[in-house]
Amino acid sequence: MTATYTTAASLGLLSCHTCGLLSRPTPGLHEAACPRCGAHLHLRKPESIARTWALLIAAIILYIPANVLPIMDTGSLFGSQSDTILSGVVYLYTSGSWPLAAVVFFASIMVPLLKMIAVTLLLVSVQLRSKWRLDQRARLYRMVEFIGRWSMLDIYVVAILVTLVQAQALASIRAGPGAIAFGAVVVLTMFSAMSFDPRLMWDPLENKHG
């Protein structure tokens, strides 16, 4: 049995990027506005694919220094030490805190990587005008957008440690360059998901849309 779909574009409806309201633009107006929140309405987000690719490529480039450079520098009377995300995961695992090590590894290494792979898959499928598994790809996009805010675990940990340890006179902790790169990766992947227009996935079903 072949599934049939009806898109908002085929009915002459526009979806608001801000509040999600479906509305019909007033004929004769050059610029449509959402009747609920007043945001500008577009049939598709302007330059969505180009913007998403630019943000995604920048995130991929910064992903390497985010995992190679130290995310935290620790200094004490006994010397100094620099730790990357992976070395922190190894330390947590060897010290017996394997549940925390698993959480940090998944949230700080796997989640950004899987997000970049997912956005790449969505972009390539849109540019190829693929009709493959549209429902699953739509769910994948919603999942990528939802989990974006939970990718900052390492930044939160470093911030808490800096606040706690700086109150003591015998030790000091400061965020390393890897923390900056990691924060940039998270922000860029979030922006890439936000700039991607999921309605582009359904355009191949409309013969009248090029």
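Here's what I pulled together on the structure shown here. Just so we're clear, the structure is a prediction, and the values are computed from it rather than from any experiment.

Following the criterion strictly, the structure yields 3 salt bridges and no others. One salt bridge in this structure joins Arg44 and Asp203, with 2.5 Å as the shortest N-O distance. Placement of the pair is Arg44 in the loop between β4 (40-41) and α1 (48-68) and Asp203 in the segment after α6 (177-195), with a sequence separation of 159 residues. The same class applies to Arg44 and to Asp203, which are both buried. Across the pair Arg51 and Glu47 runs a salt bridge whose closest N-O atoms are separated by 3.9 Å. We classify Arg51 as partly exposed; its relative accessible area is 47%.

The next point concerns the environment of Lys45. Within the secondary structure, Lys45 sits in the loop between β4 and α1. With 28 residues separating them in the primary sequence, Lys45 and His17 have C-alpha atoms 8.4 Å apart.

Ranked by size, the top nonpolar core spans 28 residues in total, and within it Phe196 and Met201 carry the most contacts. When residues no more than four places from it in sequence are discounted, the contact partners of Met201 are Leu122, Val126, Ser130, Leu134, Arg137, Ala138 and Phe196. Ranked by size, the runner-up nonpolar core spans 6 residues in total, among them Leu14, Cys34, Ala39 and Leu41.

Following the criterion strictly, the structure yields 1 aromatic pair and no others. Arranged with centres 5.6 Å apart and planes meeting at 50°, the rings of Tyr141 and Phe196 form a pair that is tilted. In this pair, Tyr141 is assigned in helix α4 (residues 134-147) and Phe196 in the segment after α6, connecting sequence segments 55 residues apart. Tyr141 sits in the buried class, given a relative accessible area of 7%. Looking at Phe196, the relative accessible area reads 1%, which means it is buried.

How each quantity is defined
Residues numbered from 1 in each chain as written. Predicted model: local features only at pLDDT ≥ 70, side-chain atom pairs only at ≥ 80, totals over all residues. Heavy atoms only, no water. Salt bridge = Lys/Arg side-chain N within 4 Å of Asp/Glu carboxyl O. Helix = DSSP H or I, 4+ residues; strand = E, 2+ residues; numbered from the N terminus. Buried < 20%, exposed > 50% of the residue type's maximum accessible area, 1.4 Å probe, protein only. Core = buried A, V, L, I, M, F, W, Y, C linked by side-chain atoms within 4.5 Å. Contact = heavy atoms within 4.5 Å. Phe/Tyr/Trp six-rings, centres within 6.5 Å; stacked < 30°, edge-to-face > 60°.

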